[in-house]
Every structure is written in C-alpha cells, then in structure tokens.
Amino acid sequence: MPRTLWTTPEAVVLERRIGDWDEDVLVLAIETSCDETSAAVVKGGREILSNVIVSQVDLHGEYGGIVPEIASRAHVEALTPAIGEALRGSDLTFWDIDAIAATLGPGLIGSLLVGVAEAKSIAAVLQVPFVGVNHLEGHLYSNLLDDHNAEFPAVALIISGGHTMLVHVKGHGNYEVMGGTIDDAAGEAFDKVARFLGLDYPGGPEIDRLSLLGDPTAIGFPRALMFEGDFDVSYSGLKTAVINYVRRAEARGEIVSIEDIAASFQQAVVDVQVAKTIAATKAAGVHRVFLCGGVAANSGLRQGLAEACQKDGFSLHVPPMELCTDNAAMIGACGTAMLRRGKTSGLNASPDPNLPLV
Ligand code: KG4
Ligand code: ZN
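Every value quoted in this text rests on a predicted model; they were computed, and no experiment measured them.

Reading guide: rules and limits
- Residues numbered from 1 in each chain as written.
- Chains lettered and ligands numbered in written order.
- Predicted model: local features only at pLDDT ≥ 70, side-chain atom pairs only at ≥ 80, totals over all residues.
- Heavy atoms only, no water.
- Salt bridge = Lys/Arg side-chain N within 4 Å of Asp/Glu carboxyl O.
- Helix = DSSP H or I, 4+ residues; strand = E, 2+ residues; numbered from the N terminus.
- Buried < 20%, exposed > 50% of the residue type's maximum accessible area, 1.4 Å probe, protein only.
- Donors = N, O, S within 2.8 Å, 3.2 Å for Na, K, Ca; no water.
- Tetrahedral: all angles 85-135°; square planar, octahedral: opposite > 155°, others 65-115°.
- Axes fitted to C-alpha atoms, helices over the stretch in contact; angles between N-to-C directions.
- Parallel < 35°, antiparallel > 145°, perpendicular 65-115°, else oblique.
- Contact = heavy atoms within 4.5 Å.
- Near = heavy atom within 4 Å.
- Polar contact = N/O pair within 3.5 Å; in protein donor to acceptor, adjacent residues only side chain to side chain.
- Nonpolar A, V, L, I, M, F, W, Y, C, P; charged D, E, K, R; others polar.
- Domains from an automatic or database assignment.
- Pairing = 2+ DSSP bridges.

Enquirer: How should I be thinking about the pattern of salt bridges in this particular structure?
Expert: Pairs may arise between side chains of opposite charge once their charged atoms sit close together. Per the counting criterion, the structure on display carries 12 salt bridges. Here Glu151 makes a salt bridge to Arg46, at a shortest N to O gap of 3.3 Å. Note that Glu151 is positioned in the loop between α5 (135-146) and β6 (154-159) and Arg46 in the loop between β2 (36-43) and β3 (47-55), a separation of 105 residues in sequence. Classification of Glu151 as partly exposed rests on a relative accessible area of 36%. Two residues, Glu69 and Arg73, come together in a salt bridge whose shortest N-O distance is 2.7 Å. A residue pair is termed a helical-turn pair when its members lie 3 or 4 positions apart in one helix, as Glu69 and Arg73 do in helix α3 (residues 68-89) at 4 residues. Relative accessible area serves as the criterion here: at 47%, Glu69 is assigned to the partly exposed category.

Below, the structure is given as structure tokens:
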C-alpha cells in the first residue's frame, strides 16, 4: 500500500526516539512571522532535506508594503501545502519526524498565530515535542546551515526589513545584543526611500540595481552615529535627507539622477553598517562575522563588509540568498540546537510579536 503523509506504519510510534536528539534527528520547521510562508525538514541541525518558501511579495506589492490581514490569510492558504511539499521533498512522512519547530516571534501576530497553531496541532497528533523558536535566533543559525566552516563565537549583523542589530554570538543560546537601530531598520529605510523615488516594492533590490549605475560619491548624505563609539545606527534621518534633497532639487527645477541618489544612499548605509560591524567584532574579541537577513543580499554591503573583514583578518560568512530571507530551514536548525539543550515549549506556548532575542 503506498504510504501517504498520514499513514502510520506499524510500531513507528512506539519506536520514536523521544529525548534522543542524536545527529540524525529530524525536525519539521515552520516559519510564518511575516510575508513568507515556509516549511522545511532539517536533519541533525545542519542538513537541509527540504526548504519550501512561498513568497507573498506579489500580494503586497500593489499596496507598497505588507498588509497584515492579507499576510495572515495567505499563510492559512499556503502553509499546509508547503508542509506537504517539504515532507514529500525530503521523502519522509509525518511519522518520521522527531520534533516540530515554529517561529514564536517576533513578527506579525496574525501571521505567527497561523504557524504556531498548525505546528502545535501536528506535534500533539504525532506526540512529539514542539519547540517555539525566536525568529532572530533563527537568522543566526542560517549561517551554520550551508557553510560548515561557520561556527560560534561570532559577531552577527542581522539586517532585514524588520530588524537591524549587531549580536555577539558567544555560543548556542548565549547572545549579547551589542547595538541596533534606534529608529528604522535598514531594509525599511531602503523600502521607504524606494517608495518615495517611485520604485517597485520591495525597494531594496531596486535601489541595489540602480546604484550599480550611479555614483556613490555624488551626494554626501549623512552617516548618522558613525563616530559615536557605540554600535547603534539610525536611518530615519538618512531617509529624510534623501526626501529633502529631491524636493529641494525639484523646487530649483534641477534634474536629479535617480541612479546617483540610489548609489549615494546605499553607500551611506554601507559605510555606517560596515564601520559599526567591524568595531563590534573588535570589541567582542572574535574573528568571525556573520551577515544575515534580507539586506544581506545587498551587493554594496556584501562587498564593503568583505573588504573590511579581509583587511582586519576576520572571516565573513554570508548564507546563500534563500537562507538570508525568511525561511523555515533556519528555524529548524535553531530548533534542533534548542532540543539538544532540553529547551522545548509546551502546547500552551503562544506567539509573542515582540519576543526579544535575550
Ligand atoms: O529578511 P527579509 O526577507 O524580511 C524581513 O524583513 O524579515 O528582508 C526583506 C528586506 C526588505 O526590506 C528588502 O527591501 C530588503 O530586505 N532587501 C534588500 C535587498 N534585497 C532585499 N535591501 C537592499 N539590497 C538588496 N539587494
Ligand atoms: Zn527575518
């Protein structure tokens, strides 16, 4: 008889390796914190057997940003098929899975609820542990998935549409937030500037593309907090500076170069972020830098950080693109590390939109 996802082979339940988180442990992971629905199967915490990502970018594009209600509904539609595809893609059934991990927060509450409710239901039916994972901690583990030279300790720059922070990753579950944005996240600044310039959503990739055609030294946009001696950044003033520059130029009847604006804006972000990351790495006394989150796709940031790390003798680890943006594989990797530390969540665990990293 062909096995379906829900077929229970005899004795499988009895043989389940509860509490035995050996190197082959199989974790089904779910990520629904924002606008990507993702399900993955991760083996032994580092090997991705499948990683299905359903992006909602087209749904939100016409509104120029994420609409939370639309995101939740789209997760409801996409999650169950994504889980099925993740299991089929790894040639497994539900009954092979040792634990279920899902993002508990931070994120949009309506989106988180969809993933957490489904994860807990599956865990209850299969009688396996449920592990609620911090989304930001998950991003840290994206670095360990593809690159077997990547190890803790490190300083990680988590840089996305929702977060911008520098974290001293001392070991598994041992983190110190060294600094972060005091206002807008870097990706948010990219998206807002792009929107003002009339570019498509999400704006980060558009600005990156245009900046390759422009002069990054054309306009001297501010580098806020660059020389403050701490590890915080601020992007709200930079966004306003771009808007003021364009409005003033238009009032004078001048023609502005959108490519130069994009390149100069991006260079300002890169300069500040690279300086702060290198300073944090030196202060933490480590030699490894992790770059993760959606803005890690930015060509200027990758290049600027690579050059700076090479100069200071630090190794730089950047996950492949599909692991930089939100994905369930990183949640599975982090969930496995938590299981190994005995950190499971009860079935009464509920999502927290503001869940802090530490
Ligand atoms: O990690 P992510 O997929 O979602 C979260 O925010 O958690 O990151 C999305 C963000 C968006 O703000 C997008 O504009 C930005 O990452 N982004 C980029 C690039 N690709 C994506 N920003 C700058 N340059 C890029 N190439
Ligand atoms: Zn994220």
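Enquirer: Is there a simple way to explain the coordination of the zinc ion (ligand 2) in this structure?
Expert: When a metal holds four donors in a tetrahedron, each ideal angle between them is 109.5 degrees; when it holds six in an octahedron, the ideal angles are 90 or 180 degrees. Around the zinc ion (ligand 2), the protein contributes the donor atoms His135 (NE2), His139 (NE2) and Asp326 (OD), at 2.1 Å from the metal centre. The site at the zinc ion (ligand 2) holds 4 donor atoms, and with the angles between them running 90 to 144°, its shape is irregular. Between consecutive donors of the zinc ion (ligand 2), the numbers of intervening residues give the motif H-x3-H-x186-D. Of this pair, His135 and His139 are both found in helix α5, 4 residues apart, which corresponds to roughly one turn of the helix. Just as His135 is buried, His139 falls in that class too.

Enquirer: How do you make sense of the packing of α5 against helix α12 (residues 328-340) when you look at a structure like this?
Expert: Helix packing for two helices is described by the angle between their axes and how far apart those axes are. Interhelical geometry of α5 versus α12 gives an angle of 95° and a closest axis separation of 7 Å. Judged by the angle between their axes, α5 and α12 are roughly perpendicular. On α12, the residues touching His135, Glu137, Gly138, His139, Tyr141, Ser142 and Leu145 of α5 are Ala329, Met330, Ile331, Ala333, Cys334 and Ala337.

Enquirer: Just checking my understanding: could you explain the site of ligand 1 for this structure?
Expert: Around ligand 1, the structure places 18 residues, and the nearest of them are Gly161, Asp191, Asp208, Gly294 and Asn298. Gly161 places a main-chain nitrogen or oxygen 2.8 Å from an oxygen atom of ligand 1. Gly204 places a polar main-chain atom, nitrogen or oxygen, 3.1 Å from an oxygen atom of ligand 1. Secondary structure elements with two or more residues in the shell around ligand 1: α6 (186-196) and α7 (203-211). The residue makeup of the shell around ligand 1, split by class, is 5 nonpolar, 9 polar and 4 charged. Mapping the shell around ligand 1 onto the domain boundaries places at least three of its residues in each of domain 1 (9-141 + 325-340) and domain 2 (150-318).

Enquirer: Just to check I follow, could you spell out the sheet that holds strand β9 (residues 288-292) for this structure?
Expert: Across a sheet, strands are paired by hydrogen bonds formed along the backbone, either parallel or antiparallel in direction. Spatial strand order, β8-β7-β6-β9-β10: 5 strands in an open sheet with mixed pairing. Two strands in the sheet have a free side with no partner beyond their single neighbour: β8 (174-180) and β10 (315-317). Taken pair by pair, the neighbouring strands of this sheet meet at an average axis angle of 25°, ignoring direction. The sheet contact formed by β9 and β10 spans 3 bridges and is parallel. Paired with Val289 across the strands is Leu316, a residue of β10. Against the sheet, helix α9 (residues 258-284) touches β6, β7 (164-171), β8 and β9, its axis set at about 155° to β6.

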